Amino acid sequence: MAVLADIHSNLEALKAVLEDVGQVDQIWCLGDVVGYGPEANECGEMMRERVERCVAGNHDWGVLGKLDLSWFSDSAVEALKITRQIMGEKEKRFLESLPDMEKLGDSILLHGSPRNPIFEYIFETPQAAINFEKFSEKICFFGHTHYPMIFEKEGEKVRKIVPCFQKEIKLKKNCRYLINPGAVGQPRDGDPRASYLLLEEVLGRGKERERKLRFRRVVYPIEKTQKKMKKLGMPEILVERLSLGR
Ligand code: ZN
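Residues numbered from 1 in each chain as written. Predicted model: local features only at pLDDT ≥ 70, side-chain atom pairs only at ≥ 80, totals over all residues. Heavy atoms only, no water.

**Section: the nonpolar core**
The following threshold applies: What makes a nonpolar core is a set of buried Ala, Val, Leu, Ile, Met, Phe, Trp, Tyr and Cys residues whose side-chain atoms join them at distances within 4.5 Å. When accessible area is computed with a 1.4 Å probe and restricted to protein chains, residues below 20% of their type maximum are described as buried, those above 50% as exposed, and intermediate ones as partly exposed. A helix here means a DSSP run of H or I that spans at least four residues, while a strand means a run of E at least two residues long, and both kinds are numbered starting from the N terminus. Residue contacts are counted whenever heavy atoms from the two residues lie within 4.5 Å of one another.
By size, the foremost hydrophobic cluster in this structure holds 49 residues, and its most contacted members are Leu4, Ile7, Val17, Val33, Met47, Leu95 and Tyr196. Here this core takes seven residues from helix α1 (residues 11-21), the largest share from any one element. Beyond its immediate sequence surroundings of up to four residues, Val17 is in contact with Leu4, Val184, Ala194, Tyr196 and Val218. Judged by nonpolar contacts, the second largest core, of 21 residues, contains Val3, Trp28, Leu109 and Phe215.

As structure tokens, then:
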């Protein structure tokens, strides 16, 4: 299975990621399909075709007018206004159909946090610890911060793990997790490559079910996205940050 978040209308990044994903049984998306980038309709269409489950993010709600624009930065507001103008009815209906949370087996999917699925950013361990109390499933997949990150809870102890690209991380039987795949369309951890994760289930040595995470980074033609953004008159600061991964 592949888990994607924060596409942000970046079709070039999304296409590169889907190619890298290849054949998987399911693809899940943790919201913010639109906002910031130039191709909201195309990204919406691709998500409808390829993704089994998708939840709503704050930018998806911003485009629909479900959130007051005072919640967003000036550059985000400019991008949202342009997005509203270019988005078709069909794609807006798709965004409207997205729930703010999904429960699937022993996992939940949401954009921000279990305590506040649309707005809250989980960056630090104390905040993660509070949020572990707000769900009972083994794993909560979240996005919103644009940083690949894991919080692992063992007993009462919560620790933060910053995952390395490509390294496999085995999920422990006795732990619960908050897991962020990083952003497809606007990474902010200093690495401009698109980020997502693969979750694989394998049989361990004792024939027990084991789950492994693999964080992936994918090169995509950033300058193509930037060119399209400039053509639409998107704010320069949003164009530039894609090259920096900040
Ligand atoms: Zn986002």
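**A short note on the pattern of salt bridges**
Here is the rule: We define a salt bridge as a side-chain nitrogen of Lys or Arg found within 4 Å of a carboxyl oxygen belonging to Asp or Glu.
As enumerated under the stated definition, the model contains 19 salt bridges in all. Here Lys172 makes a salt bridge to Glu152, at a shortest N to O gap of 3.4 Å. Here Lys172 is found in the loop between β9 (168-170) and β10 (175-181), whereas its partner Glu152 is found in strand β7 (residues 148-154), with 20 residues between them in sequence. Accessibility expressed as a relative area gives 33% for Lys172, which makes it partly exposed. Residue class for Glu152 comes out buried when judged on its relative accessible area of 4%. Of the charged contacts, one joins Glu168 and Lys212 as a salt bridge, the two residues approaching to 3.5 Å between their closest N and O atoms. With Glu168 in strand β9 and Lys212 in strand β12 (residues 209-218), this residue pair connects regions lying 44 residues apart in the sequence. Several salt bridges share partner residues, and in doing so they unite Asp189, Asp191, Arg193 and Arg217 into one network.

**Some words on helix α2 (residues 40-50)**
A turn of α-helix holds 3.6 residues, and therefore any two residues three or four places apart point the same way. Here is the rule we go by: An arc is given here, and it is the one of the directions from the helix axis to the C-beta atoms.
Listed as buried for α2 are Ala40, Asn41, Cys43, Gly44 and Met47. On an axial view of α2, the arc spanned by its buried residues comes to 165°, and they lie on one face.

**A closer look at the state of the cysteines**
Going by this rule: Two cysteine sulfurs form a disulfide in these notes if their separation is within 2.5 Å.
Per the stated rule, a full pass over the model turns up zero disulfides. Counting only cysteine sulfurs, Cys29 is the nearest neighbor of Cys43, a cysteine outside any disulfide, at a range of 9.9 Å. With relative accessibility at 0%, the residue Cys43 sits in the buried group. Summary of cysteine pairing: Cys175 is not part of a disulfide, and the nearest cysteine sulfur, belonging to Cys140, is at 16 Å. Here Cys175 falls in the buried class, since its relative accessible area comes to 2%.

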